[in-house]
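# Chain and residue survey
If you want the building blocks of each chain, they are given just below.
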Amino acid sequence: MDSLLPFLEVLIPVLAAPVAGILSDKSSNRFTALSTVVTFIVVVGMYPSVSQGFVLQYVLDTGLQIKLVFMADSLSLIAGIVSIGVWMLVSFYSVEYMSHENHQGRYNVFSLLSLAGMLGVVVTRNLFTLYIFFEMLSMASYVMVVHEQTDEAFNAGVKYIFMGIVGGLILLTSMVYTTSITGTSDLLELAAKRGVLASHPHVYLILLGYVIGFGVKAGIFPVHIWLPDAHPVAPAPASALLSGVMIKAGAYGIIRVIYTIVGFENIQHHWPAFIIISIAFINIFLGSAMAIKQTEIKRMLAYSSISQIGYVILGIALFTPNGVLGGVVHIFNHAIIKGTLFLCAGAFIHQLGLRQLTDLKGIGRRMPLTTICFSMGALSMVGLPPFNGFISKWYLALGSLEVSKTGSYGMGVGILGLVVLLTSSFMNLMYYGPIVYRAWFVEADGGINKELAGESTADPNLWMMAPLLILGFGTLFFGIFPQFPVHLARQFSQMCF
Amino acid sequence: MELLIIILLPIVGTILICTIGKKSKLLRNACVLVPAVVDFFLVAYLAWQVTHGGHYSLNLVDLSFFAIKFEATALSVYMALSMTFLWILTDVYSLGYMEHEHAQTRYYACLTLNITAAMGIVFASNLITFFIFFELLTVAVYPLVIHEETEEAYRAGIMYGVYLLTGGAAVLLATVILYNVTGTMYFVPGGIPELASQSKTTLTVLFILFTLGFGFKAGLVPFHSWLPNAMVAPTPISAVLHAVAVVNVGVFGFIRVIYNVFGAELYQKMGFHHIVAILASVTIIYAAVMGLRQKEIKRMLAFSTINQLSFMLIGISSISMVSRMGGFLHIYFHAIMKITLFYCAGAIITQSGNKYLDKMGGLAKHMPITMTCFTITAIGIIGLPPVCGWVSKWYMMEGYFAQGEPIFPLVLILSGIIELGFFAPPIMAAFFKEEVPGSFNFKQDTSKLGNEAPWTMLLPIVVVAILAVVFGVWGSVPHYLVKPVLAGLTGQVF
C-alpha cells in the first residue's frame, strides 16, 4: 500500500534539525520536543493499516541507480514506535535536564538527526537506503556521546566513532556483495531470492560482515567494547537513547539479515547458528557479570544493556516462532525499561549529583517518585511479573521449549536457553536487587551531597517527572497489557515461519 | 563554431589580461570571469545537444599525419562540464584569495590559459591534438606552481616539470608508434580496429608507454611524488589543477586509451585491466598510509587525491558496466569533494595562518561554516553517506563483486578506514577540543563570523559543499550524463 507516512517519519526530524540549531537554547529544546511529538503522531498513524497486515511503502526515485524505498511492516513499526515513543519522552525530559548544559542547540540538532537515522534504519526497504541512515545514526550520535567534551568523553567518542564507521564499512561490503550476487538490494525481493544468496560460496563471509556491522551498533561480543565507555559518558537523556533505543538499530539489522536476507532456514543447521547463539549466551553472562562489578550507576546500566541485547539475539537465534516473538518484544520492552532506568539515573545526577551506587542508600525518602520508577524498571529487568520484562522472558522460554523438540542439537540449545534465562535472572537480581533494597530500607549515611541534604523531597520538576512516570508505569502497563507489542511481533514471526 | 569559441576565448582572455592586467583591476577581473562563464554555458549547451543526438566537430589543421581536430562527444562534454563549472568557482575564489598576493597578472593569465589547455584535451579527437594541449597544460601550470618564488617553490617546480614532461614524452612516443603500426591516431569508439591484428609485444609496449605517460598525471605510485610537492602553489591552483583539471586529465587519458585506442575488448583480452587495477590498488593503499603521516593540511589532501584518482582508475578499467559507471561518476564526485576540501584548507590557511593538522583544535569556533563544509566533504571522501563519494564507491564495489574479484572492493573499504584515520582527528579537534594558545593568528576576532574568509571565498565553498550532498542523494546531472558517455564508449546501452 502506497503511503507517504514512512517517508514523512524520516523527513520531519531531518527538516527540524537545522531549525533547532538556529533557535535560542530554550526554544530549541521545546521545538525539538514538539517535532518529536509530530513524528510520533505520524508513526502511530501507520498502526491501523500495519496491524491489519498491510505493508506501507513509499518509493522516492532520486535518479540514483537504486531508488530510495521506505517501508513499514510490523517489525518496522514495532521498532519505530518504541524508538520515537521513548525519544519523545526523553526530549521532554531534556528540556529541563539540558537547560543547565552548554551547547544545547548542538545537542538538539544531533538528537534529531540521530532520530532520523534511527527511524530511517527501521523504515527502509532496501539496503542502499538502510546504509544511508545507519551511517547517519553513527555519525550524529557521536556528537551526543562527546557532548560533555571531557577527556573521558573524547576517549569514549573516538572508540565509538571508529568502531561505528569501520563496522559500517564492513557492513557496506556485505551489502554490496549481496546486491551483486542477487542483483537486487530490495529487502522484499531479497527475501524471495534468499536461496540464490545461500548457495553462493561466500555466504558465510557475507553473513559475518553483516553480523559485525550491525553487531557493533548492537553491542554484541566481541565488538561491544565501545559500549560501556560511550553510553555512560553522554548526558543522561542521551544515554537513555543510546542504550535504550540506538542499540536496537543493530538488533533490528540482525533480525533482517537472518530472517529476510540470508534466510534462517539456510543457517539453522549450520555452524553460524551455533556461533550466533553462543554470542547471545556470552553477551547475557558477560554483561551481567560485568554489571555486578560496577560501582557507578550509569556504567552498570550500560553493562546491563549488553546483557539484555543478548536476550534479543537469543530470541532471534532460536529460530522458532515464539523465540522471534520474544526477541522482537524484548526490543520493545527493553527500550522502555532501559529508558526508565537511565532517566532515573539522570534525575539522581541532576537533583542531587549522585553518580555512585553506594550514594543511593535511603534515596527512596528523598526522591520517592523517581525511586518508584527506578524500582519498577529494576524489577522488570529482573523479569518479575507483572512487569513487561517478564513478558519477553516468557516468550523466550516458550521459544526454548519449542526448539528443544527439534532433535538432539535443539534439545541442547533449548535446555541451555532455559538455564541461561533462569541464571541470568538471578544475576540481574544480584545487581538490581541490592540497589532497590538499599534505596528503600537503608538509612542514608551522608553519601548524599551535603549541600543538598535535607528532609524535603527532591523529585525533579514536571518536565522531567512526567516522562519518567510515563515510562516507569509503561513497564507495568505493558506487563499487564502486552497485546500491542505481542500482536505486532506475532505478525512478524508468522511472516517469517 | 561553438567549439572554436570554447577553445579560443580563454586565449583571447589571456592576452587581454596580460595587456590590461596592471591598468584596471575591474576590467581584468571581467577578463578572468567572462571566458570561464561563457565556456561553461557553451559546454552546457553542447552537453544538451550531444545527449540529444547533435554532432559537433572542428577541423583547424588537416594534414595527413598532422591534424588538429576537435569533436564534441558525450565523454568530452561530460569532462568539460565539471571542469568549466569548477573553474568559475575557482576564479571567484581566487579574487578573494589573491587579493594581497604579488604577480596577479601572471597568475590570472596562466589560470585562464589553462582553460584552453583543458578544453583542448577533452575535445581533442585525435592523439596529436590531445598531446599538444596535454603539453600546453603542463607548461602553463608551471608558472602557477612556482608562484610563491621561494626556494621550495622552485624545487617543486623543477620536480613538476621533470616528472610531467617525462610523462608527456612517453605519450608522444606511444603516439608515434601507434601511428607507425596502424596509420591512424584518431580516437575510435570501440578501439582502433587495426590494433587487433598487432603482435602482443607491440600492444604491450604501447600499453606500458601510455600507462607511464598518463600515470604521471594521474598520480600512480611510483610517479606521484610531484603532486604533494606541487602543493606549494597557491591554494586555488591546488584546488582546480591538482584536484581537478591536471590529474583528471591523467584519468581521462586512461579512458581514451582504454576505450578509444585499444577498445575495451582488446584491453581485457590482453589482461591490461588487471595490471591497471593492481597498480591502482597499490597506489590506493600506499597513498592512504602516507596520508596518515602528513602534518600539513594540503599535503594530506594531496595524498588523498592520489588515493582517490586510483579509485577512478579501478572503476574505469573494470569490465563490468556498473563499476565503470562508478569510476566515471567518481571523476565528478571527487572533483567536487576535493575542491571543497582545498577551498576550505585555503580559507583556513589564509585566515588563521595555521597549516598544520595538529593545531586545528578549536578552529570551528572561529570558522564554523568552513569547518562544517570541510567535515561534510571529508565524510564523502571516506565514502560515507549521504555525501556523494559513497554512491560511486557502491557502484564500483558492486561491479567488482559481480565479476568475481572481491579483492578490489576490499581495497576500497580498507582505504576508507585509513582515510577515516587522517580526516577524523583534525575535524574532531576543530569542533570539540580547546584551542592551543598561539596556534592561530587571526587578524580580528570580534563578531561570530568575523574570522570567516571573505564572501568571494566562502561562497564557492558553500556551493560545492551543498552540491556534494545533493549528488549523494539525488542522481541529477552526473547520472543523467554518464549513461550516454558509457553508451558512446562501449556501444552497450546501459
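Residues numbered from 1 in each chain as written. Chains lettered and ligands numbered in written order. Predicted model: local features only at pLDDT ≥ 70, side-chain atom pairs only at ≥ 80, totals over all residues.

A separate point is the overall build of chain B. A count of helical and extended segments in chain B gives 19 helices and two strands. Residues counted as buried form 58% of the 494 residues belonging to chain B. For chain B, the proportion of contacts with a sequence separation of at least 24, taken over those separated by at least 6, is 79%. (Helix = DSSP H or I, 4+ residues; strand = E, 2+ residues; numbered from the N terminus. Buried ≥ 20, exposed ≤ 12 C-beta atoms within 10 Å, placed from the backbone. Contact = placed C-beta atoms within 7 Å.)

Let's shift gears to the overall build of chain A. Within chain A, the regular secondary structure consists of 22 helices and two strands. The C-alpha radius of gyration computed for chain A amounts to 21 Å, which stays within 12% of the reference 23 Å derived for 497 residues, consistent with globular compactness. Based on the C-alpha atoms only, the size of chain A along its principal axes is roughly 70 × 55 × 40 Å. (Rg over C-alpha atoms; globule rule 2.2 N^0.38 Å.)

Another aspect to go through is the nonpolar core. The biggest cluster of nonpolar side chains holds 383 residues, and the ones touching the most others in it are Ile313 of chain A together with Ile121, Ile336 and Ile339 of chain B. Considering each element in turn, this core owes the most residues, 19 residues, to helix 9 (residues 235–262) of chain B. Beyond its immediate stretch of four places on either side in the chain, isoleucine 313 of chain A contacts Ile220, Ile254, Ile276, Ile279, Ala280 and Asn283 of chain A. (Core = buried A, V, L, I, M, F, W, Y, C linked by C-beta atoms within 7 Å.)

This brings us to unusual backbone geometry. At the junction of phenylalanine 221 of chain A and proline 222 of chain A, the peptide bond is cis and its omega measures out at -5 degrees in the coordinates. When you line up the elements, proline 222 of chain A lands in the loop between helix 10 (203–218) and helix 11 (227–233). Put simply, valine 221 of chain B and proline 222 of chain B share a cis peptide bond, and its omega is 5 degrees. A positive phi angle, near 60 degrees, is found at glutamine 149 of chain A, a position not held by glycine. Inspection of the secondary structure puts glutamine 149 of chain A in the loop between helix 6 (127–145) and helix 7 (151–182). Phi angles above zero are rare outside glycine, and alanine 103 of chain B is one such case at about 50 degrees. Examined against the element boundaries, alanine 103 of chain B turns out to sit in the loop between helix 3 (74–97) and helix 4 (104–123). Taking the number of C-beta atoms within 10 Å as the measure of exposure, alanine 103 of chain B has 14 and is therefore partly exposed.

Residue and element names in this part refer to chain A. If you trace the backbone, glycine 287 turns up in helix 14 (residues 271–293). Once the C-alpha coordinates of glycine 287 and serine 91 are considered, the two residues, 196 residues apart in sequence, prove to be 28 Å apart. Every residue in contact with glycine 287, bar those within four places of it in the chain, is listed here: Tyr303, Ser304, Ile306, Ser307 and Gly310.

On to the interface of chain A and chain B. If you look at the interface, chain A gives 22 residues, while chain B gives 24 residues. If you list the elements that add at least two residues to the side of chain A that touches chain B, you get helix 6 and helix 7 of chain A. Here the side of chain A that touches chain B gets twelve residues from one element, more than from any other, and that element is helix 7 of chain A. Of the residues in the side of chain A that touches chain B, the class split is 14 nonpolar, seven polar and one charged. (Nonpolar A, V, L, I, M, F, W, Y, C, P; charged D, E, K, R; others polar.)

Residue and element names in this part refer to chain B. One ladder, built from six bridges, connects strand 1 (residues 56–62) with strand 2 (residues 67–72); its direction is antiparallel. Following the sheet pairing, serine 57 is matched in strand 2 by glutamate 71. Taken together, strand 1 and the strand that follows it, strand 2, pair antiparallel across an intervening segment of four residues. (Pairing = 2+ DSSP bridges.)

This part takes up the confidence of the model for chain B. Confidence along chain B averages 89 in pLDDT terms, with 98% of residues attaining 70 or more. Overall fold confidence for the complex sits at a pTM of 0.91, while the interface term, ipTM, reaches 0.87. (pLDDT = per-residue confidence, 0-100.)

All names here are of chain B. Structurally, proline 143 is set in helix 5 (residues 127–145). For the pair proline 143 and isoleucine 121, spaced 22 residues apart in the sequence, the C-alpha separation amounts to 20 Å. Other than its neighbours up to four places away in sequence, proline 143 contacts Arg106 and Cys110.

On to helix 1 (residues 5–22) of chain A. Residue and element names in this part refer to chain A. Look at helix 1: 27 Å from first C-alpha to last across 18 residues, which is about the 26 Å you get at 1.5 Å a residue. Of all the bends found along helix 1, the most pronounced is centred on alanine 16 and spans about 25 degrees, while proline 18, a proline, follows it within four residues. Within the span of helix 1, buried status applies to Pro6, Phe7, Glu9, Val10, Ile12, Pro13, Ala16, Ala17 and Ala20. Residues of helix 1 that are buried sit in contact with helix 2 (25–45), strand 1 (56–60), strand 2 (68–72), helix 4 (74–97) and helix 5 (104–123). (Expected span 1.5 Å × (residues − 1). Bend = angle between axes of the 7 residues up to and from the residue.)

With that settled, consider the environment of threonine 19 of chain B. Locating threonine 19 of chain B in the fold gives a position in helix 1 (residues 2–20). Look at threonine 19 of chain B and you get partly exposed, because 14 C-beta atoms sit within 10 Å.

What follows covers the packing of helix 15 (residues 368–382) of chain B against helix 18 (residues 455–473) of chain B. All names here are of chain B. For the pair helix 15 and helix 18, interaxial distance at closest approach is 10 Å and the crossing angle is 30 degrees. Remark: the crossing between helix 15 and helix 18 carries left-handed chirality. Contacts from Ile369, Thr370, Cys373, Ile376, Thr377 and Gly380 of helix 15 reach helix 18 at Leu458, Ile461, Val462, Ala465, Ala468, Val469 and Gly472. Of the residues belonging to the contact of helix 15 with helix 18, the class tally is nine nonpolar, four polar and no charged. (Axes fitted to C-alpha atoms, helices over the stretch in contact; angles between N-to-C directions. Left-handed = near helix turned anticlockwise from the far one by under 90°.)

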